[in-house]
Number of protein chains: 2
Amino acid sequence: MAEFDLIERYFNFHYDFSSDLAKTSSKNSNKPQVVKGIGDDCAIFEIPEKHQLVTSTDTLVDGVHFFSDLQPDLIAHKALAANVSDLAAMGAKPLAFTLSISLPDVSEDWLKGFSEGLKRASELFKVPLVGGDTTQGPLNINITAYGSVKKGRLLLRDKAQINDDIWVTGFLGEAAAALDLEDKALESKALSGQKKLTDAEQALWNALTQPIPPLTFAGKLTKLSSCGLDISDGLMADLGHILKKSECGATVMVESLPVSDALVEVVGMEQAQQFALNGGDDYQLCFTTSSKHRNKVLNLAEKHGVNVSRVGSIQPEDVSIQLHGKPFTSNRASWQHFYKD
Amino acid sequence: MAEFDLIERYFNFHYDFSSDLAKTSSKNSNKPQVVKGIGDDCAIFEIPEKHQLVTSTDTLVDGVHFFSDLQPDLIAHKALAANVSDLAAMGAKPLAFTLSISLPDVSEDWLKGFSEGLKRASELFKVPLVGGDTTQGPLNINITAYGSVKKGRLLLRDKAQINDDIWVTGFLGEAAAALDLEDKALESKALSGQKKLTDAEQALWNALTQPIPPLTFAGKLTKLSSCGLDISDGLMADLGHILKKSECGATVMVESLPVSDALVEVVGMEQAQQFALNGGDDYQLCFTTSSKHRNKVLNLAEKHGVNVSRVGSIQPEDVSIQLHGKPFTSNRASWQHFYKD
């Protein structure tokens, strides 16, 4: 099958959004919008004054970020979630995404599953597919996501202030635990359907394969915070980026980390806290705010149905990880591509 | 080596453009511009009123678009050229690009060569690197390019009018001939340096490995044309996209195709014409204009040092390929990923 046919058959579902697009462009032309999607050499955006276009790109590779025997709809979800998470990390509202996919050969079943998963995720995250390309090669999925912010209303890494509260959204560590936990055993249980997962195991599996970044909350958060990122490499690694760029230190209170009942049930509290500190693939937010905004953060989170936890504070220097005020030793290196011992 | 170190060491050269960026933002804030590059979760653009952001993404895969034993600086050039060519295809001015690269392992030599080639190409095309990501996996190079156009001043595929002239830039078929011509033999001659290439062979090799899309010309062309694309899959295949979208046919005059002396010297006139019709990887433009603009097209091309050839005309229906008015049989299927006989 030719590239053009592939694209037309499996990836030409952006028209589901055409009514939304039409609404946007006719009723409110001063909103950022997509004016042309799939079908020409490029996608086209209009970004009115007072707004900025934000863009991020991320690749998922077979055997590194997922295994190709994973259901293709789950691979698609994960790929899109990881990318819109980068938009949330900036406090941006998603506008659109493009997909570049390399496939070893054309399996219609796989493509059907993948495109269905992608369509579902694009509807869930309210972000249309507007272009891309397909090539032959080892399975490699690259997504570029486009979003918009009001000018200067961003979550950046270099804006943490001494004494700021440090917050995280959602629950941490579930995805890493799912990966770690008898690794392929859990996966094959989930895939085969032969052996039933416990509810708790299923919750971890879902966190790993179907993360849902707090997009709407992130877009509103820029009223209260100008410093944040998403937790993809583990809380301590990602908080580390904030500390490095903001030239400061932090105290992290391990007892305040959001660990889910499911995680504690499966791995116990001590391991749960270790996963929450250093596990990757969470796609939640870590952000800092002035302590005077404490109640406003809680109210905003409640309004959007998002769990938030105040897990520490920004300090002039040094990083201290404490459990009930006593030093806590982290036992796990955070995830790094090309990591070498 | 960790991902962050890789990026910092090899891909953090966008600051070469910082003086240009500063100039742009202080002197002329109503120009499209990059306001944030590498170092946070996303890159950020400002696209003032009356402009649109244009974006395109393209992947090069080892063994499909190049062989990994090709010099890494040439791979980098080709990857960036293919992407800015998509901007030229829309008549857009390049603004920036992001790079997502998967690497099987960290070869410092390879990365050094690749990043040097990328830096040179980014300076040649005047387009800064503003973000991206590195992952471990089979070699896969994805670039997303960003450009801007004045609102509505675009080259599209669906704007051809009956009786329009059909034009192409540059010379066609050289890259395809280089690939085809005793394939690896020419490549290994070029690589080993042991056996000297003839000047003509070198010209074909350069066309294949270091294409230079007519970027500046493309940006100005939108005054005269609103229909065009770049020739990456071969003239007839790409012209076919225009005909399909514009719902019309065409006559192509084979004797008017721009075949270089080098190409004719190496493969003879007949094969040269076949390559010019159907060879891929040209990264030149095909566009249509009203015949009343004929002289203006020639003048614009001369001003920008670009070769242009009028190779046919848009017709109500059917595609006719003629050599001196007689039917000409094309002997080569154009390039298609996943092409199956």
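Since we're looking at a predicted model, the values are computed, not measured.

### Quick word on the interface of chain B and chain A
For step 1, the next point in the chain: At the junction of the two partners, chain B supplies 55 residues and chain A supplies 55 residues.
For step 2, the next point in the chain: Elements with a minimum of two residues in the side of chain B that touches chain A: α1 (3–10), β2 (43–46), β3 (51–61), α3 (72–90), β4 (93–103), β5 (129–136), β6 (140–150) and β8 (227–231) of chain B.
For step 3, the next point in the chain: By residue number, the principal contributor to the side of chain B that touches chain A is β3 of chain B, which donates nine residues.
For step 4, the next point in the chain: Counted by class, the side of chain B that touches chain A contains 24 nonpolar, 20 polar and eleven charged residues.
For step 5, the next point in the chain: The pairing of strand β3 (residues 51–61) of chain A with β2 of chain B spans three bridges and is antiparallel. Paired with V54 of chain A across the bridge in β2 of chain B is I44 of chain B.

### Observations concerning helix α9 (residues 235–246) of chain B
Residues and elements named next belong to chain B.
For step 1, the next point in the chain: When the terminal C-alpha atoms of α9 are compared, their 16 Å separation across twelve residues agrees well with the 16 Å that a helix rising 1.5 Å per residue should span.
For step 2, the next point in the chain: For α9, the full list of buried residues reads L235, M236, D238, L239, I242, L243 and S246. Buried residues in α9, looked at end-on, bunch into an arc of 170°, giving them a common side.
For step 3, the next point in the chain: On its buried face, α9 is in contact with β7 (165–169), β8, β9 (249–253), α11 (269–278), β10 (284–289) and β12 (319–323).
For step 4, the next point in the chain: In the stretch just after α9, E247 is the one whose phi turns positive, near 55°.

### Some details on the nonpolar core
One broad trend across soluble globular proteins is that nonpolar side chains are buried collectively.
For step 1, the next point in the chain: In terms of nonpolar packing, the biggest core is built from 192 residues, with L80, L204 and L263 of chain A together with L80, L204 and L263 of chain B touching the most fellow members.
For step 2, the next point in the chain: Counting residues per element, this core draws most heavily on α3 of chain B, at twelve residues.

### Describing the relation of the copies chain B and chain A
For step 1, the next point in the chain: By a simple turn and slide, chain B fits onto chain A: the slide is 0.0 Å along the axis, the RMSD is 0.0 Å, and the turn is 180°. Taken together, the turn and the small shift mark the pair as related by a two-fold rotation axis.
For step 2, the next point in the chain: In this assembly the copies share their binding face: 100% of the residues contributing to the interface of chain B also contribute to that of chain A.

### A short note on the confidence of the model for chain A
All names here are of chain A.
For step 1, the next point in the chain: Mean pLDDT over chain A: 85, with 82% of residues reaching 70 or higher.
For step 2, the next point in the chain: Low confidence marks residues 14–28, where pLDDT is under 50. Its contacts with residues over four positions away, or in another chain, come to eleven contacts.
For step 3, the next point in the chain: This model gives residues 334–341 a pLDDT under 50, and the stretch forms 22 contacts once residues within four places in sequence are excluded.
For step 4, the next point in the chain: For this predicted complex, the interface confidence reaches an ipTM of 0.73, while the overall pTM sits at 0.79.

### Let's talk about the pairing of β3 of chain A
Residue and element names in this part refer to chain A.
For step 1, the next point in the chain: The buried fraction of β3 amounts to ten of the eleven residues, a majority that puts the element mostly inside the structure.
For step 2, the next point in the chain: Two strands pair when backbone bridges link them, and β3 and strand β6 (residues 140–150) are joined in this way by eleven bridges, in the antiparallel orientation. Pairing of D58 across the sheet is with I143, part of β6.

Rules of the game
Residues numbered from 1 in each chain as written. Chains lettered and ligands numbered in written order. Predicted model: local features only at pLDDT ≥ 70, side-chain atom pairs only at ≥ 80, totals over all residues. Contact = placed C-beta atoms within 7 Å. Helix = DSSP H or I, 4+ residues; strand = E, 2+ residues; numbered from the N terminus. Nonpolar A, V, L, I, M, F, W, Y, C, P; charged D, E, K, R; others polar. Pairing = 2+ DSSP bridges. Expected span 1.5 Å × (residues − 1). Buried ≥ 20, exposed ≤ 12 C-beta atoms within 10 Å, placed from the backbone. Arc of directions from axis to C-beta. Core = buried A, V, L, I, M, F, W, Y, C linked by C-beta atoms within 7 Å. Least-squares fit on C-alpha atoms with pLDDT ≥ 70 in both. pLDDT = per-residue confidence, 0-100.

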